[in-house]
Amino acid sequence: SIDLKRGIDGRIERVAEDQRVFSRILGRTFEISAIVTLAGLLLGYPLAYWLSTLPARRANLLLILVLVPFWTSILVRVAAWIVLLQREGLVNKALTSLSIVAEPLALLFNRVGVVVAMTHILLPFMILPLYSVMKSVPPSYLRAAISLGSPPLAAFFRVYVPQTYAGIGAGALLVFILSIG
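Notes on the structure follow.

Conventions and cut-offs
Residues numbered from 1 in each chain as written. Predicted model: local features only at pLDDT ≥ 70, side-chain atom pairs only at ≥ 80, totals over all residues. Heavy atoms only, no water. Helix = DSSP H or I, 4+ residues; strand = E, 2+ residues; numbered from the N terminus. Contact = heavy atoms within 4.5 Å. Areas by Shrake-Rupley, 256 points an atom, 1.4 Å probe, with all protein chains shown as cover. Lys, Arg positive; Asp, Glu negative; His and termini not counted. Charge placed at Lys NZ, Arg CZ, Asp CG, Glu CD. Patch = residues over 30% accessible without salt bridge, like charges linked within 9 Å, V, L, I, M, F, W, Y side chains within 5 Å. Salt bridge = Lys/Arg side-chain N within 4 Å of Asp/Glu carboxyl O. Buried < 20%, exposed > 50% of the residue type's maximum accessible area, 1.4 Å probe, protein only. Axes fitted to C-alpha atoms, helices over the stretch in contact; angles between N-to-C directions. Parallel < 35°, antiparallel > 145°, perpendicular 65-115°, else oblique. Left-handed = near helix turned anticlockwise from the far one by under 90°. Phe/Tyr/Trp six-rings, centres within 6.5 Å; stacked < 30°, edge-to-face > 60°. 1 Å grid on protein atoms, 1.4 Å probe; cavity = no way out; pocket = protein on both sides within 12 Å on 5 of 7 lines; lining within 4 Å. Points joined across faces, edges and corners; volume = space filled by probe spheres on them. Nonpolar A, V, L, I, M, F, W, Y, C, P; charged D, E, K, R; others polar.

1. Side note on the overall build of the chain
Helix and strand content of the chain: 8 helices and 2 strands. Secondary structure of the chain in N-to-C order comes out as β-β-α-α-α-α-α-α-α-α. Referenced to the eigenvectors of the C-alpha coordinate spread, the extents of the chain come out at roughly 70 × 50 × 35 Å. In the chain, 61% of the contacts between residues at least 6 apart in sequence involve partners at least 24 apart. About 11600 Å² of surface is accessible on the chain, with carbon and sulfur atoms providing 70% of the total. On the chain, the mean spot of the 16 positive side-chain charges and the mean spot of the 8 negative ones are 18 Å from each other.

Shown next as structure tokens:
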């Protein structure tokens, strides 16, 4: 599975350089999974934080929007991304009409398209563990750190973020394992 074979004498040896494909594919899979996990964390952490600071009624209503992808078929979501990312799709039309790019970008059937679609599909698996952990962190801790003289950003990263490591770990592990598959 990692470009090894048994030699004539029975020892394990690497296959010829021109026949090695599995290690590159395995490396690419881990790379894409790591990128999707990082993208999910960068998008999911602020959203989960925002949801955890809302009143319960509004947070529950918006959590339904987070859960909508679970009720939508993966094939439908992928088809929607194909419509959005194709050369004449909405994303390329917006980029060219705003003069950000001169000609349409190749966003489909490459790693960019794979990362975008997988991040969208797996984002709820990052948001839900983060949200559940963030709801258990008392907001008074952050207010106390600020009232004791800590700048708000430093208080957030020194007081709040360490208390959410369990959610970060659970979400990242869940997304990484699902994206490897």
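2. Here we look at a nonpolar patch on the surface
A surface patch of nonpolar side chains, about 630 Å² in accessible area, is lined by Leu61, Ile64, Leu65, Val68, Phe70 and Trp71. With respect to the helices and strands, Val68 occurs in helix α2 (residues 56-71). Classification of Val68 as partly exposed rests on a relative accessible area of 33%.

3. Details of the environment of Ser33
Tracing the chain through its elements places Ser33 in helix α1 (residues 22-53). As a C-alpha pair, Ser33 and Ile177 span 144 residues in sequence and 7.9 Å in three-dimensional space. Other than its neighbours up to four places away in sequence, Ser33 contacts Phe176, Ser179 and Ile180.

4. Describing the packing of helix α5 (residues 111-135) against helix α8 (residues 165-180)
Contact pair α5 / α8: the axes reach a minimum separation of 8 Å and the direction vectors enclose 155°. One finds that α5 runs roughly antiparallel with respect to α8. The interaxial crossing formed by α5 with α8 has right-handed handedness. Taken together, the residues of α8 that come into contact with α5 (itself represented by Met118, Leu122, Phe125, Met126, Pro129, Leu130 and Val133) are Ala166, Gly167, Ile168, Ala170, Gly171, Ala172, Leu174, Val175, Leu178 and Ser179.

5. Examining the packing of aromatic side chains
Scanning the model with the defined rule gives 6 aromatic pairs in all. Centroid distance Tyr45 to Phe156: 6.3 Å. Interplanar angle 85°. Geometry classified as edge-to-face. With a gap of 111 residues between them, Tyr45 in helix α1 and Phe156 in helix α7 (residues 152-163) connect regions that are remote in the sequence. With respect to class, Tyr45 is no different from Phe156; both count as buried.

6. Some details on unusual backbone geometry
Glycine aside, the phi torsion of most residues is negative, and most peptide linkages are trans. In this model, Ser99 sits at a positive phi of 60°, which is unusual for a non-glycine residue. The topology assignment puts Ser99 in the loop between α4 (90-97) and α5. By relative accessible area, which is 63% here, Ser99 ends up exposed. Phi is positive for Phe109, close to 60°, though the residue is something other than glycine. Relative to the assigned elements, Phe109 resides in the loop between α4 and α5. Under the relative-accessibility criterion, Phe109 is labelled exposed at 73%.

7. Things to note about the layout of surface pockets
Reported here for the largest pocket is a volume of approximately 200 Å³. At the level of elements, α3 (74-85) and α5 are the ones that each hand at least two residues to the lining of the largest pocket. Tallying contributions element by element places α5 first for the lining of the largest pocket, with 6 residues. Residues of the lining of the largest pocket, tallied by class, amount to 11 nonpolar, 2 polar and no charged. By volume, the second largest pocket is sized at about 170 Å³. Along its surface, the second largest pocket is lined by Tyr49, Ser52, Thr53, Met134, Lys135, Val137, Pro138, Pro139, Leu142, Arg143 and Tyr160. Listing elements by their share of the lining of the second largest pocket, those giving two or more residues are α1, α5 and α6 (139-147). Looking at the lining of the second largest pocket, its residues break down into 7 nonpolar, 2 polar and 2 charged.

Limitation: the analysis is restricted to geometry and does not speak to function.
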